[in-house]
Amino acid sequence: MDGDRVEIDGGIMEGGGQILRVSTALSCLLGLPLRVRRIRAGRSQPGLRPQHLSGLEMVRDLCDGKLNGGEIGSTEITFTPGKIKGGTHIADTKTAGSVCLLMQVAMPCVLFAASPSELHLKGGTNAEMAPQIDYTVMVFKPIIEKFNFTFNCDIKRRGYYPQGGGEVVIRMSPVKELSPINLTERGTVTKIYGRAFVAGALPVKLAKDMSAAAVRCIRREIRDLYINIQPVREPDDQAVGTGSGIIIVAETSTGCLLAGSSLGKRGKNADKVGIEAAEMLLQNLKHGGTVDDSLQDQLIIFMALAKGVSRVKSGPITLHTQTAIHFVEQLTKAKFTVTKSEEENPSNDTYIIECQGMGMINPNL
């Protein structure tokens, strides 16, 4: 019926909110009217949740677009983008929905805006099934800035499950185009650091227990490195609700950053939280890639938009990454190839993700 609308099936492959984020961002950037059906069909509660809806509404406002079907639980939307403008935009999930996922949908768009942007993102800063805000600052930011742009991430308040209440302000200026990246040399691990945090009603002893358990776990594999995981209690005026968690980052001689993280919850032993994060980090170090599982899929849209060939060496390709590649290729002229890495160590399960980017040019600059 709508001949010029791109049709997206939101229920295939990973079948979650990521399909919505990638396709809406690209729709906005490329001026492509979009219809997404079967939204989050692969989830136990299909349809739009508050964080997906607030992300869509923010992108709509960023580009003076039109959104139909934008209500909680909706399994189909149509989106008609307008011209991307800068300025101040607010997205409030009013839940513990992840502010980091709000950032994922908006960031590619505001890079190609007409003027600088300030995004006020409200919700959960440390939420299940999403990158923690600490991951965004410690890992995502330094690596993503290799595409030749910078952003500022100001954590005003942290907010935890179930009520959220966190607020993060992202400030960034538009770019003319993105440069490709080449992350194929892992180097050796030179330092390991992180933070174990508690907030609200929890004692700082829990943070110390998480940190100590994580260090013990890493020590079994990596003996000769100083490991610095700071236990912190978030200041009461900068955190809403009660929460705890840990993030551990390994930095390599070539500037790669790989992480492991875990969140505490009621009835979960603090040692277990620390060990989970440590094991995730060790798993990410084992495959020999230059990025961890959480960053892998977040790079795809930027690789597609960049001008030239980007190459990233990773561990096993996640379903999130396969899904991102599928929809990016459907909507842009970018071309991806994934090949098994011809390593000196054949037991390493490593892959090279290569992308011939579409070379998006900012029409406003």
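Owing to the predicted nature of the structure, the values given are computational and were not obtained by experimental measurement.

About the criteria used
- Within each chain, residue numbers correspond to sequence positions counted from 1 in written order.
- Only residues with pLDDT of at least 70 are given local features in this predicted model, and only at 80 or more are side-chain atom pairs given and counted; all residues enter the totals for whole chains, interfaces and linings.
- Computation of side-chain values: all heavy atoms of the structure, hydrogens and water removed.
- Strands are runs of DSSP state E lasting at least two residues, helices are runs of H or I lasting at least four, and both sets are numbered from the N terminus onward.
- Partly exposed describes any residue whose relative accessible area lies between the buried limit of under 20% and the exposed limit of over 50%, with all areas from a 1.4 Å probe on protein chains only and scaled to the type maximum.
- Method for areas: the Shrake-Rupley scheme with a 1.4 Å probe, in which residue coverage is limited to the protein chains shown.
- UniProt positions are given in the numbering used here, feature names are shortened, and annotations may be inferred rather than shown by experiment.
- By definition in these notes, contact holds between two residues if any of their heavy atoms fall within 4.5 Å.
- At least two DSSP bridges between two strands are needed for those strands to be called paired.
- Axes here refer to lines fitted to C-alpha atoms; in helices the fit is confined to the stretch in contact. Angles between the N-to-C directions go from 0 to 180 degrees.
- Salt bridges are defined as contacts in which a side-chain nitrogen from Lys or Arg sits within 4 Å of a carboxyl oxygen from Asp or Glu.
- Domain start and stop points were drawn from an automatic or database domain assignment.
- Pairing of N or O atoms within 3.5 Å defines a polar contact, subject to two protein rules: one partner must be a possible hydrogen donor and the other a possible acceptor, and residues neighboring in sequence count only if both atoms are side-chain atoms.
- Note on residue classes: Ala, Val, Leu, Ile, Met, Phe, Trp, Tyr, Cys and Pro are nonpolar, Asp, Glu, Lys and Arg are charged, and everything else, Gly too, is polar.

Student: Just to check I follow, could you spell out the overall build of the protein chain for this structure?
Tutor: Within the protein chain one finds 9 helices and 17 strands. Taken over the C-alpha atoms alone, the protein chain extends approximately 60 × 50 × 40 Å along its principal axes. Counting every position in the protein chain, which comprises 365 residues, the buried fraction comes to 56%. Carbon and sulfur atoms make up 51% of the accessible area of the protein chain, which amounts to about 15000 Å² in all.

Student: What's the story with the UniProt feature "binding site: ATP" (unreviewed entry) in the protein chain in this structure? I'm lost.
Tutor: UniProt's feature table lists "binding site: ATP" (unreviewed entry) at Q104, given in the numbering used throughout. Excluding anything up to four places from it in sequence, Q104 contacts R21, P131 and Q298.

Student: What should I look at first to understand the sheet that holds strand β13 (residues 243-252) in this one?
Tutor: Remark on secondary structure: sheet strands pair via backbone hydrogen bonds, oriented parallel or antiparallel. What the 4 strands build is an open sheet, ordered β11-β10-β13-β14; its pairing is mixed. Looking at strand neighbours, the two that pair on one side only are β11 (227-233) and β14 (257-263), the edges of this open sheet. Within this sheet the neighbouring strands show an average axis-to-axis angle of 15 degrees, counted without direction. Note: strand β10 (residues 189-199) against β11, 7 bridges, orientation parallel. Opposite I192, over in β11, you have I227 as the bridge partner. Its contacts with the sheet place helix α4 (residues 133-144) against β10, β13 and β14, and it is angled at close to 165 degrees to β14. Against the sheet, helix α6 (residues 270-286) engages β10, β13 and β14, with an angle of about 155 degrees to β14.

Student: Explanation requested: the pattern of salt bridges in the structure shown.
Tutor: Close approach of charged atoms allows side chains of opposite charge to pair. In this structure the tally under the stated criterion is 24 salt bridges. With its nearest N and O atoms 3.4 Å apart, the salt bridge here joins E76 to R37. Note that E76 is positioned in the loop between β3 (66-68) and β4 (77-80) and R37 in strand β2 (residues 34-37), a separation of 39 residues in sequence. Given a relative accessible area of 37%, R37 falls into the partly exposed group. E276 serves as the salt-bridge partner of K272, at 3.9 Å between the closest nitrogen and oxygen.

Student: Explanation requested: the UniProt feature "domain: RNA 3'-terminal phosphate cyclase" (unreviewed entry) in the protein chain in the structure shown.
Tutor: Following the UniProt record, one finds the feature "domain: RNA 3'-terminal phosphate cyclase" (unreviewed entry) at residues 13-338. Within the segment residues 13-338, helix and strand shares are 33% and 27% respectively, and the terminal C-alpha atoms sit 17 Å apart.

Student: Just to check I follow, could you spell out the domain arrangement of the protein chain for this structure?
Tutor: The figure often quoted for interface size is the accessible area lost as the parts come together. Domain assignment breaks the protein chain into domain 1 (6-179 + 306-326) and domain 2 (189-287). Computed from C-alpha atoms alone, the centre-to-centre distance between domain 1 and domain 2 is 26 Å. With 23 residues of domain 1 at the interface, the matching set in domain 2 holds 24 residues. In this structure, the connection of domain 1 to domain 2 is made through 3 salt bridges. The interface formed by domain 1 and domain 2 holds 6 residue pairs in polar contact (both at pLDDT 80 or more) in total. Residue assignment for the side of domain 1 that touches domain 2 shows that the elements contributing at least two residues are α4 and β7 (151-159). Among the elements that line the side of domain 1 that touches domain 2, the one with the most residues is α4, at 6 residues. Partitioned by chemical class, the residues of the side of domain 1 that touches domain 2 number 9 nonpolar, 8 polar and 6 charged.

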